[in-house]
Amino acid sequence: MKTLEGKIAVITGGSSGIGLATAKRFVGEGAHVVITGRREKELKEAATFTERNVTTVVGDVSRLEDLDRLYAVVKEKHGHIDILFANAGAGTIGPLAVATEAHFDQTFDVNVKGLFFTVQKALPLFKDGGSIILNSSVSNVLGLPGFSAYAASKAAVRSFARAWTLELKDRKIRVNAMSPGPTETPALETTTGLTPEQAEQAAAQFASQVPMGRRGRPEEIAAAVTFLASDESSYITGVDLAVDGGMAQV
Amino acid sequence: MTRLSGKTAVITGGATGIGLAAAKRFIEEGAFVFIFGRRQEALDAAVAELGPNARAVMGSVSDLADLDRLYTAVKAERGTLDIVFANAGAGSVAKLGEITAEHIDETFDTNVKGTIFTVQKALPLMGKGGSIILTGSSAGTTGAPGMTAYSASKAAVRNLARTWAEDLKGTGIRVNVLSPGATATELAKAALGEEGQKAYAAMTPLQRMADPAEIGAVAAFLASSDSSFMTASEVAVDGGLAQL
């Protein structure tokens, strides 16, 4: 049984890591996905995992006109949305004592403002009974030195799921947050601003902090997102699903 | 989907309600299921419904000798065990001021002590890739009149998964809590009556009670490798009841 047969899904931040793994799983479950990303080359390459059932739209979630373009494409191609995985996020190191205004703004522009409008602008196309999944993070409840802006932005994301559950309940649209723990994605090395040595150290340290003793694989996070996207989770709304190997649970 | 193909599962409180719904789902996904419950008649009816991949063992989770008989039967027929759904639970109403020692003992014997020994006695049969699911409740995080013992016992269950994730480190066995909200089991429908069911539906953001099959679907997710990076988590299946 394919759990997403014929569904139309939008995934922001779909070029790599968790977003790309989720796109692959969704397509495997029978969905057609529209993936977005800021870098055209990476996005196009990412989409080559399948010959059909994937559409790419280059854009930045923190730019409202890019979101308008995204949903114009979705509307023209599919007419509606069943599933939205608001996954695009950014997190760079910025210790309290030295973090700049630009660091703070960039983090909140992508993770909070970008996600807010990603969902708002999807609503006119959303089918009643659909599923929205917001990518939060275990850091929404953990202290993570050097990443306070990131952690706070992810706590905001978790909060959105509560209010939006109520705002969208009459349309039977479920809204859930999903909080991955440390995951084996390229992001740690490429986007956090850590040196390769620091990134390696951080990865080892994360693994030691996880009761399961390792980082998650993108496919494992994607499996949980697929569960939340499908009717398998038809009585789940407003939750924060921790997929963290126990990191924030013990 | 046959995500549980070849797996062996134990479900306590498996003759009716959520346990039975999970048993159906596990078997659909390819598992062999032992259901455990106190009433032979209900067990017989359940096995008749579940078919050839189900067995029943009669007993109470609060009786350690009964649990030994359960796992002896599992070992004899299957050798090993992959999935434990520690689901048996009990709850009755007593307001602060009216609580008796018997009321507390009865509730905690089943929900806490029973859960602990259901899992402890399963461990010798379990190994890497094993999944333990504990039935919690939205009552474990909310306040409801007259629910002192039940709510506290379910809060205790939620904690068991936190501690056990640490105790089970290195074994490859995961443990998670599934916390249902108001679920339309036969037992709950009879206990709540029409008015009570309406009241729960109105309180719940999804505006209805759960079908037991919806809880069974989540148990199957937690039992399967689709949740392979989840341990010590609580999955609220409550229509948003305790989330907002």
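Everything that follows concerns the structure shown earlier in this document.
**Student:** Describe the sheet that holds strand S4 (residues 83–86) of chain B, with residues and values.
**Tutor:** All names here are of chain B. Taken in spatial order, the seven strands of this open sheet run S3-S2-S1-S4-S5-S6-S7, and their pairing is parallel. Of all strands in the sheet, those bounded by a partner on one side alone are strand S3 (54–58) and strand S7 (234–237). Taking each pair of neighbouring strands and ignoring which way they run, the sheet shows an average axis angle of 20 degrees. Strand contacts of helix H4 (residues 101–120): strand S1 (8–12), S4 and strand S5 (131–135), with the helix running at about 170 degrees to S4, the strand carrying the most contacts.

**Student:** Give a detailed account of the packing of helix H3 (residues 64–77) of chain A against helix H4 (residues 101–120) of chain A, specifying residues and quantitative values.
**Tutor:** Residue and element names in this part refer to chain A. Between H3 and H4, whose axes approach to 10 Å, the crossing angle comes to 30 degrees. Between H3 and H4, the interaxial angle falls into the category roughly parallel. Once H3 is placed against H4, the crossing between them reads as right-handed. Touching Leu64, Leu67 and Tyr71 of H3 are Lys113, Gly114, Phe117 and Thr118, all from H4.

**Student:** Residues and numbers for empty space enclosed by the protein, please.
**Tutor:** Within this structure, the stated rule accounts for two cavities of 30 Å³ or more. Put simply, the largest cavity is a space of about 60 Å³. Together, Thr3, Arg25, Glu29, Ala223, Thr226, Phe227, Ser230 and Glu232 of chain A together with Met1, Arg3, Phe221 and Asp226 of chain B line the largest cavity. Tallying contributions element by element places helix H8 (residues 218–229) of chain A first for the lining of the largest cavity, with three residues. Of the residues assigned to the lining of the largest cavity, the class counts are four nonpolar, three polar and five charged. Taken as a whole, the second largest cavity spans an internal volume of roughly 50 Å³. Forming the boundary of the second largest cavity are Thr12, Thr36, Val57, Val58, Gly59, Asp60, Val61, Asp66, Leu67 and Leu70 of chain A. Of all the elements in the fold, those that place two or more residues in the lining of the second largest cavity are strand S3 (54–58) and H3 of chain A. Sort the elements by how many residues they give to the lining of the second largest cavity and H3 of chain A lands first, with three residues. Classifying every residue of the lining of the second largest cavity gives five nonpolar, three polar and two charged.

**Student:** Outline the interface of chain B and chain A, listing residues and values.
**Tutor:** Contacts between chain B and chain A engage 36 residues on the former and 37 residues on the latter. By the criterion of area lost to chain A, the three top residues of chain B are Met1, Phe229 and Leu244 of chain B, representing 25% of everything that side buries. Note that Arg3 of chain B and Glu232 of chain A form a salt bridge whose closest N and O atoms lie 3.9 Å from each other. Our count for the chain B to chain A interface comes out at 17 residue pairs in polar contact (both at pLDDT 80 or more). Looking at the side of chain B that touches chain A, the elements with two or more residues in it are helix H5 (148–167), helix H7 (212–223) and S7 of chain B. Taken together, the residues of the side of chain B that touches chain A sort by class into 17 nonpolar, eight polar and eleven charged.

**Student:** So what's going on with the pairing of strand S1 (residues 8–11) of chain A? Which residues, and what values?
**Tutor:** Residues and elements named next belong to chain A. The alternating pattern of S1 places Ile8 and Val10 on one face and Ala9 and Ile11 on the opposite face, and all of these are buried. Across four bridges, S1 lies against strand S2 (residues 32–37) in parallel orientation. Each bridged residue has a counterpart across the sheet, and for Ile8 the counterpart in S2 is His32. On the question of chirality, the crossover connecting S1 to the parallel S2 by way of helix H1 (residues 17–28) is right-handed. Pairing of S1 with strand S4 (residues 81–86) involves three bridges; the strand directions are parallel. What sits directly across from Ile11, in S4, is Phe85.

Basis of the calculations
- Residues numbered from 1 in each chain as written.
- Chains lettered and ligands numbered in written order.
- Predicted model: local features only at pLDDT ≥ 70, side-chain atom pairs only at ≥ 80, totals over all residues.
- Heavy atoms only, no water.
- Pairing = 2+ DSSP bridges.
- Helix = DSSP H or I, 4+ residues; strand = E, 2+ residues; numbered from the N terminus.
- Axes fitted to C-alpha atoms, helices over the stretch in contact; angles between N-to-C directions.
- Contact = heavy atoms within 4.5 Å.
- Parallel < 35°, antiparallel > 145°, perpendicular 65-115°, else oblique.
- Left-handed = near helix turned anticlockwise from the far one by under 90°.
- 1 Å grid on protein atoms, 1.4 Å probe; cavity = no way out; pocket = protein on both sides within 12 Å on 5 of 7 lines; lining within 4 Å.
- Points joined across faces, edges and corners; volume = space filled by probe spheres on them.
- Nonpolar A, V, L, I, M, F, W, Y, C, P; charged D, E, K, R; others polar.
- Buried area = accessible area lost by both parts, 1.4 Å probe.
- Salt bridge = Lys/Arg side-chain N within 4 Å of Asp/Glu carboxyl O.
- Polar contact = N/O pair within 3.5 Å; in protein donor to acceptor, adjacent residues only side chain to side chain.
- Buried < 20%, exposed > 50% of the residue type's maximum accessible area, 1.4 Å probe, protein only.
- Right-handed = clockwise from strand over helix to strand, strands pointing away.

On their own, these measurements won't tell you what the molecule is for.
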